[in-house]
Amino acid sequence: MPRFRPVRRTGCSIAPPCRPCPIARCCGALFHRALHALVLCVMLTAATLAPARGAELPMSEVAPGIFVHIGVIELMSRDNQGAIANVGFVIGNDAVAVIDSGGSVAEGEALLAAIRLRTNKPIRYVINTHGHPDHIFGNAAFLKEGATFVGHAILPRALLLRGPHYLSSFIPSMGRELLEPVKIVPPTTVVSESMTLDLGGRPLLLRAWPTAHSDNDLTVLDPVSGTLFAGDLVFVNHIPVVDGSIRGWLTAIAELATIKAKLVVPGHGPLSEWPAALKAERRYLSSLLADLRTFNAQGKTIDVAARDAAATERGRWKLFDDYNARNATTAFSEIEWE
């Protein structure tokens, strides 16, 4: 990159000093205002993209000591490095807990760099809210930290059964370069019902849930700030994805709403007020279930259900066409013999 000669600034507070040019002389402040806006636009856009290797993951401090990265609402790909789920960490007086590690080792390493930018305290725990690739493919980045991996009691079995399939099935969309460093890391500490982890003056309340979004969902509550990490039990803007039980999920939503929190970090989508964040998800799942029960009573096939169920929800969710038919197929199989 050429060096710029230091000269008197002409009004732009972001662009580096430069020699006056004909455009600047002609346009003056107008030119620099336009340049300022362009640089701001580039900076804001860069903050939403997957980080380059060696860079830290962009984080927001949503409450004192609680940092969150909001993933893009896309399918996992080489371009986004699998960074589609929300991930975060909590800093206590003595240690740090990571909550979900991301969709690739590259994202996990960027998350680790973001932690080290803010604290040198040991990373005591890596908590996986469930076993889907976008939440656990970054685990290997934390193996050298000596952290204890924590998850639902069913998570080890789920990873044993599905882990090899996840690794092979994402090669076409993410590429071997991103997938080869990934290791399926099962939890060494499991939660059957509930557990409290202490970071030093910062307790985290973990709760294992019956089958809902998946069969290994785990939530993490920071009672100090009232922040709930809900994993994929809560989706905002991103269409909910049914991989467990639609009936179980609706039951869980009713119970989730009783948790005393102020703010929720959903598995996907923006931070939201609690429990208002559950409203749209409950509506979608209820609509899907009602349609499926109607189709089933009418003797319609699963193909019709996949095509037409929850049609009123199209346009209200991102990635609707990527997941709704799959949701309908999964849920139809569950309720077919009610």
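One can find the structure itself at the top, above this paragraph.
As the structure is a computational prediction, the values presented were derived from the model and not from experiment.

Read from one edge to the other, the open sheet built from six strands follows the order E8-E9-E10-E11-E12-E13, with strand pairing classed as mixed. With partners counted over all chains shown, the strands left at the sheet margins are strand E8 (194-198) and strand E13 (272-273), one partner each. The pairing of strand E12 (residues 263-268) with E13 spans two bridges and is classified as antiparallel. Within E13, the position partnered with Val-264 by the bridge is Ser-272. Packed onto the sheet, helix H8 (residues 246-256) meets strand E9 (203-208), strand E10 (218-222) and strand E11 (227-235) and runs at close to 160° relative to E11.

Enumeration over the complete set of coordinates arrives at 12 salt bridges. A salt bridge links Arg-116 to Glu-145; its shortest N-O distance comes to 3.2 Å. Pair noted here: Arg-116 is in helix H3 (residues 105-118) and Glu-145 is in the loop between helix H4 (133-136) and strand E6 (148-152), with a separation of 29 residues, a long-range link. A residue is classified by how much of its surface remains accessible, and Arg-116, at 29% relative accessible area, is partly exposed. Taking the relative accessible area as the measure of exposure, Glu-145 reaches 29% and is therefore partly exposed. The network of salt bridges with shared partners includes Arg-247, Arg-293, Glu-334 and Glu-338.

The next point concerns the sheet that holds strand E2 (residues 66-69). Across the sheet, which stays open at both edges, the seven strands sit in the order E1-E2-E3-E4-E5-E6-E7 with mixed pairing between neighbours. The open sheet has two edge strands, strand E1 (60-63) and strand E7 (189-191), and neither has a second partner. Going from strand to strand, the sheet's axes swing by 25° on average, the running direction of each strand aside. Note: E6 against E7, three bridges, orientation parallel. Within the sheet, the bridge partner assigned to Val-150 lies in E7 and is Thr-189. Sheet strands touched by H3: E2, strand E3 (87-91), strand E4 (96-99) and strand E5 (123-127). Its angle to E3, the strand with the most contacts, is close to 30°.

The next point concerns the packing of helix H9 (residues 278-297) against helix H11 (residues 320-335). At a closest axis distance of 10 Å, the pairing of H9 and H11 adopts a crossing angle of 55°. It follows that H9 is oblique to H11 by the angle criterion. Between H9 and H11 lies a crossing whose hand is right-handed. Of the residues in H11, those in contact with Tyr-284, Leu-288, Leu-289, Leu-292, Arg-293 and Asn-296 of H9 are Phe-320, Asn-324, Asn-327, Ala-328, Ala-331, Phe-332 and Ile-335. Grouping the constituent residues of the contact of H9 with H11 by class yields nine nonpolar, three polar and one charged.

Below, the discussion takes up the packing of H8 against H9. At a minimum axis separation of 10 Å, H8 and H9 run at an interaxial angle of 150°. As far as their axial angle goes, H9 and H8 are roughly antiparallel. Crossing geometry of H8 relative to H9 is assigned as left-handed. Here Ile-246, Arg-247, Trp-249, Leu-250, Ile-253 and Leu-256 of H8 come into contact with H9, specifically with Leu-278, Glu-281, Arg-282, Leu-285, Ser-286, Leu-288, Leu-289 and Arg-293. Its residues placed into classes, the contact of H8 with H9 shows nine nonpolar, one polar and four charged.

Right, let's get into the pairing of E10. Of all five residues making up E10, five are buried, and the element is well covered by its neighbours. Taken together, the four bridges between E9 and E10 define a ladder with antiparallel strand orientation. Within the sheet, the bridge partner assigned to Arg-207 lies in E10 and is Thr-219. Note that E10 and E11 share three bridges and pair antiparallel.

Each value, and the rule that gives it
Residues numbered from 1 in each chain as written. Predicted model: local features only at pLDDT ≥ 70, side-chain atom pairs only at ≥ 80, totals over all residues. Heavy atoms only, no water. Pairing = 2+ DSSP bridges. Helix = DSSP H or I, 4+ residues; strand = E, 2+ residues; numbered from the N terminus. Contact = heavy atoms within 4.5 Å. Axes fitted to C-alpha atoms, helices over the stretch in contact; angles between N-to-C directions. Salt bridge = Lys/Arg side-chain N within 4 Å of Asp/Glu carboxyl O. Buried < 20%, exposed > 50% of the residue type's maximum accessible area, 1.4 Å probe, protein only. Parallel < 35°, antiparallel > 145°, perpendicular 65-115°, else oblique. Left-handed = near helix turned anticlockwise from the far one by under 90°. Nonpolar A, V, L, I, M, F, W, Y, C, P; charged D, E, K, R; others polar.

Limitation: the analysis is restricted to geometry and does not speak to function.
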